Structure formats: structure tokens, C-alpha cells
Amino acid sequence: MKISKIYSNKQFKNIEFNEDFNVIIGRIFDRTKMEKDTHCLGKTALISVIDFLLLERFDRRNSRVLGKNIFRRKVFFAELLLNNGKYLIIRRDIDNPSKISFKLNDFKSDGFKQDFNWDEEDLPFEKAKKRLNEYLGFDVLKNWQYRTMVTYFLRTQEDYQDVFKLNKFKGKDKYWKSMMFDMLGFDGEVVKQKADLEEQQDEFKKQINILQTEAQIDAKEKDKIQGFLDIKRDEKQKTEEQIDKFNFFEKDKITNQELVEDIDTQIQTLNTRRYSIDYEINKINHSLSSGINSINLNELVKIYEEVEIYFPDNLIHNYQQLLEFNESITQERNRFLKENLQQLKGEQQFIDNELRVLENKKEALLSYLTEKDSYTKFKENQKQLAKIEAEVIRLEDKLKSIDKVGKIEEKLEEIKHSIEDKARGISNLIDEQKHTEIRKTFNSIISAVLNVPAIISITQNKKGNVEFNADCQHPENLEVTAEGEGTSYKKLLCMAFDLSILIHYSKNSFFKFVYHDGALEGLDDRKKNNLLQHVKKICGEHNIQYIFTLIDSDMPRDENNKTIDFSANEICLELHDKDVSGRLFEIGF
């Protein structure tokens, strides 16, 4: 797929692209007026327009360019050259971006036509995105939607910081890493499956931490808790036997029978629950007031600096992750505790009311009894029994929690083995070297431009997860050099990688264009010329459309320091700072 045209219904420099090499240049005429920032001409903003027309999710509040009020009532159009030779027109409105229209033609349209008998009009956003994916008809990397991959071929200045992980990726690593593994020729599903297992592992660890904190248990003390439980059950049995021995006057048998078999049974049950609730409330209040132990990371680093001991960045990162993990658990635990506390207090109030009613009724019935001392002793035994029963319930709950932790730990052990299997699987896949051709192409591009070798490599970190690397090498010993860490060299590595992917899939139905913003910025003239010559060669040999932007001060120069200009055919868009007519949107903002 290539970009044929980008245009609008008003105030926009409509663009018709070449099928191969394209230059978007910003010319600065008045260098004394610094307020005329060259970055406001629109050469970078064009990426936002293209991305919008390729159905990027659009939220006016978060869009730095198209979200401005001056773009209201603006309609954008794109004409794409599909891999089957047909031309697809896309219409999308800024005011109603969730409605998209398509028109498929057998030929390139004349000029910048806006009125069509649309094949599909005002499709909902998700349906339109699915439909565009079908129109593009890619026959490789079918597990991924075009939207996930297109970002590599629309590089803004912010996307040169890392060859593989673009600044646009805000989600979890498992998504872009699995896609990158796929893109390099491997099975990215294995990477995703391993990451999913690690997420399950973290969730189970959280559950164990919550259970251990709330029940105040240690799995190692299971036998000790069982011993305490046996003792309390024995105490319970003896106390029940003592209560059963109480015998009141014969004339009060009927009253005593009602008291013992009905009211006292209810009171005993409620008291048992009351003691259990009191214990739970106290435990929750203690947990809520205890908070989490933490160390001020900045203070820790400062101490290390004062004693001149190196504090590694990765240790800071790992400790920060630990703090965040601990904070996450504490928040989840406190939310659960507060909800439970509210329920317990409500039940406590209900039980207190019920006990008052029963005690009054019992007092009336016991007024017929004459053995006051016996009743007092009887009542004390009942209270003691309630305490013992509550303690029995508490110990039984501890054992249940320990059993739950044990079952979760069994699952964790299974997940651990599965993660190890996936890590070995990833290692075996890397050994297959399916990215060899992409790596060779990458090296040939960097060698042609910088005259030094470069390599793409895949490694596994300590957890067995994939890490992608792109580095320049010393031409003699092939050791990784520091050149790849510089801004200009990092940009070249990014551009070379994008081109390597396009070349690798050039015989398939896939993207056949790339847009590099500020491609020549920061390079010396020799490298600029090397890059441009090699890119033009790539475009011709592999049917690739290359679009790049620059300002005139970044124009390459020859050995006599004379500017090497581009031909009129190569320049698809020329911007300037004379007035607003020279800007992409023909308006200042």
C-alpha cells in the first residue's frame, strides 16, 4: 500500500505523492524572526493528518494538532494505491470522526475530487477500521491489524528514541514485543503467552499476600494452629458439659426448659457470633491503621552518593516496581477491608438489638427461679462458651486460609514451570535465526551510509523475556560501539530498520511506504548524501515509497559546500515562512 494523495475541503495544501521518492521541504526566508518556528510550518503535522485518515482513534481533547477549534468543519481525504493496483478513497470528517466513507476505483482519480458515489458511506469507526484492513489485503503478519504496525512507518521526531519500541506505544510490553517478534519472522504468540502467565503469577502472589495479611497466618505454623484448635475444642466440650449439669427447681422445669432450649440457645448463638465479629473488627482496624513500610528512594540514593557507593539504575527500577506492587496490594486490601468493616458493624448493631430483646425476655422468665447463685454461674459458663466458640471459629478460618494459600501455591508452581517452558521455547525460536535476511539488509543500509557494520540482535533477559537490540559495530573486532547511542545515529538505526522490514516483505502484500520526519537533521553532508543515494536505490529496486521531511538548512552539500537541491519532481510539498500561505494548513495557530 502506498499513499497517492492527501487533501482537504478547505485551507490545506493538497498533496499528490510520487510512487517512489518524495521530499517535503520547509524553506526559511526570514531567519531574524525567531518566533516563526520552522516546526509550525506543518511538515510534522502532516503525519497526524495521514494517521487520522488511516483511522487512528481520534479524541479532540488529546490531539495536539487536529483537536484545535480552527479545524472544525474540515474534511480530509486520502487516496491509497492498494497492492492489487486499485485506488481507495477515504473520507473522514473532523467534526464527526467516527463516520468514515470508502470509494474503490480501478484508476487514479483526477485532481482532488471530493464528491463521489461512495461504495460505503458513514461506516461506524470500528466497522470502518475492519473494512480498511480488508481493503489493504495484507498476506503476511495476519495476526495483527494494520493499525498496530503502521506506526513504524510514520516516524515522528519522538519515535527515534528507540528502534523497536515507539513512543506511541503506551500499553504493556507484551503487545509490541510479540508483534515485533512476529515481524522479525518468529512466532510472537509464544511471547504473549509467557507474558500472560507472568500476569497470572503476579495476580496469585497478590491473593496470597492478601490472605496472609488479613488472616495473619504463616503456612509454616499450620501444625501449631491445629494444636491450638484441638485444645479449644476440648475446652468447648468441657464447658458444654458443665452447662448441661445445671438443674433448677422441679416446679420451674417448664420455664427452665423454655429458657435452655429456646432463649439461651439463641443468646449463645448470638454471643458466639458477637465475639467473632468483635475480633474481626479489631483485626480490620489494626490492619487499616498499620499502613505499609516504605523507604524514601531519593533519600536512599542520596545516602549512597554521600558514601560514594554506586546505586545501579536497574536496582532503582526494580525497587520502584516493588514499591508500586506493594502499594497496589495495600490499596486493594484496604478497599476490601473497608467494605467488610461496614458489613460487620451493621451485623454487630443488629445482634446487639436482638440480644437486648432476648435478655429482657429471659430476665422475666428467670424471675420465677429461686437459685440466684446457680443462675449467675450458669450465665458465666455461657459467656465462656461463647468466647471459646468464637476462638474455635477463628482458628478454623486460619486453617482454611492456609489451605487456600497452599492451593494457590500449587497453581503458582505449575505456572512457574509453564513460564520456564515458554522461556525455553523462545530461546529455541531465536536459535532458528529467522531474522537473518532482515539483519543482513539492516547491516547493508547502515554500512552504505556510515561505512560501519551494524547488527540487529535478540536476547533474553533474566526472566527469559525477549529484548531487541540494534547497534553499530567496530569494523575490525565487531564489538558494539557507542555510535549507536548518539541521537543522529539512533535516528539512522530507526530508519534503516523500517526500510529493512519493508524490503523483507516487499514481495508480499504489505505496507510499501514509510514517512520519516526530519530524516537528515544532525547528519554531516557525506552521510546525508550516502543516505539519499541509497534510499533512492531502495525505492527503485524494491518498489517502496519513501517520504521524508527537512528544512532547507539541512539540505545536503557537495565537497565544495554547494547546496545539492532536489528536483521539482522529487519535491511533493514545499512549505515556507513568508506568510500563512506557505503553511500546510494555510493558517497560523
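Residues numbered from 1 in each chain as written. Predicted model: local features only at pLDDT ≥ 70, side-chain atom pairs only at ≥ 80, totals over all residues. Heavy atoms only, no water.

S.K.: I'd like a rundown of the pairing of strand S9 (residues 454–460), residues and numbers included.
M.R.: As judged from the seven bridges shared by S9 and strand S10 (residues 466–472), these two strands associate in the antiparallel manner. The residue bridging Thr 459 from the neighbouring strand is Glu 467, located in S10. Adjacent in sequence and paired antiparallel, S9 and S10 are bridged by five residues, among which Gly 464 carries a positive phi angle near 85°. (Pairing = 2+ DSSP bridges. Helix = DSSP H or I, 4+ residues; strand = E, 2+ residues; numbered from the N terminus.)

S.K.: Account for the nonpolar core, naming residues and giving values.
M.R.: In this structure, Leu 46, Phe 510 and Phe 511 are the most contacted members of the largest nonpolar core, which totals 118 residues. When residues of this core are assigned to their parent elements, the largest contribution, ten residues, is made by helix H12 (residues 487–504). Residues in contact with Phe 510, not counting those within four places in the same chain, are Met 1, Asn 83, Phe 138, Val 140, Leu 141, Met 149, Phe 153, Ile 501, Leu 502 and Tyr 505. Counting residues in each nonpolar core, the second largest holds 18 residues, with Ile 208, Val 392, Val 405 and Ile 419 among its members. (Core = buried A, V, L, I, M, F, W, Y, C linked by side-chain atoms within 4.5 Å. Buried < 20%, exposed > 50% of the residue type's maximum accessible area, 1.4 Å probe, protein only. Contact = heavy atoms within 4.5 Å.)

S.K.: Give a description of the sheet that holds strand S7 (residues 120–124) that names residues and reports values.
M.R.: Paired through their backbone hydrogen bonds, the strands of a sheet run either parallel or antiparallel. Taking strand neighbours across the sheet as the criterion, the six strands line up as S2-S1-S4-S5-S6-S7 in an open arrangement whose pairing is antiparallel. Two strands bound the open sheet, and with one partner strand each, they are strand S2 (15–16) and S7. When strand S6 (residues 99–105) meets S7, the two strands line up antiparallel, connected through three bridges. The partner of Phe 102 across the bridge, within S7, is Glu 120. Strand contacts of helix H2 (residues 125–136): strand S4 (75–81), strand S5 (87–93), S6 and S7, with the helix running at about 120° to S7, the strand carrying the most contacts. (Axes fitted to C-alpha atoms, helices over the stretch in contact; angles between N-to-C directions.)

S.K.: Provide a residue-level description of unusual backbone geometry, including the pertinent values.
M.R.: Most peptide bonds take the trans configuration, and most residues that are not glycine carry a negative phi. With a phi close to 40°, Gln 11 is a non-glycine residue in the positive phi region. Its location among the elements puts Gln 11 in the loop between strand S1 (2–8) and S2. A residue is classified by how much of its surface remains accessible, and Gln 11, at 35% relative accessible area, is partly exposed. Its identity is not glycine, yet Leu 55 carries a phi of approximately 70°, on the positive side. If you trace the backbone, Leu 55 turns up in the loop between helix H1 (45–53) and S4.

S.K.: Go over the packing of helix H4 (residues 173–183) against helix H5 (residues 188–215), please, and point to the residues and values.
M.R.: Relative to each other, H4 and H5 sit at 160°, their axes nearing to 7 Å. Considering their axes alone, H4 and H5 lie roughly antiparallel with respect to each other. For the pair H4 and H5, the sense of crossing is right-handed. Here H4 contributes Lys 174, Tyr 175, Lys 177, Ser 178, Phe 181 and Asp 182 to the contact with H5, which in turn contributes Gly 188, Val 191, Lys 192, Ala 195, Asp 196 and Glu 199. Among the residues forming the contact of H4 with H5, the class breakdown is four nonpolar, two polar and six charged. (Parallel < 35°, antiparallel > 145°, perpendicular 65-115°, else oblique. Left-handed = near helix turned anticlockwise from the far one by under 90°. Nonpolar A, V, L, I, M, F, W, Y, C, P; charged D, E, K, R; others polar.)

S.K.: Can you explain the packing of aromatic side chains? Please cite residues and give values.
M.R.: Taken as a whole and judged by the stated rule, the model has 25 aromatic pairs. Each ring, one from Phe 138 and one from Phe 510, has its centre 5.4 Å from the other, and the planes form 55°; the classification is tilted. Highlighted residues: Phe 138 in the loop between H2 and helix H3 (146–150) and Phe 510 in the loop between H12 and strand S11 (513–516), separated in sequence by 372 residues. Note on accessibility: Phe 138 and Phe 510 belong to one class, buried. Between the aromatic rings of Phe 511 and Phe 513, the centroid separation amounts to 6.1 Å while the plane-to-plane angle is 80°, which identifies the pairing as edge-to-face. Phe 513 shares its class with Phe 511; the two are buried. Among the aromatic residues, ring-to-ring pairing joins Phe 12, Phe 52, Phe 58, Phe 71, Phe 76 and Phe 585 into one connected group. Above the plane of the ring of Phe 112 lies Lys 5, whose end atom (NZ or CZ) is 5.7 Å from the centre. Geometry around Tyr 135 places Arg 131 over its ring, the cationic atom sitting 4.2 Å from the centre. (Phe/Tyr/Trp six-rings, centres within 6.5 Å; stacked < 30°, edge-to-face > 60°. Lys NZ or Arg CZ within 6 Å of the ring centre and 35° of its normal.)

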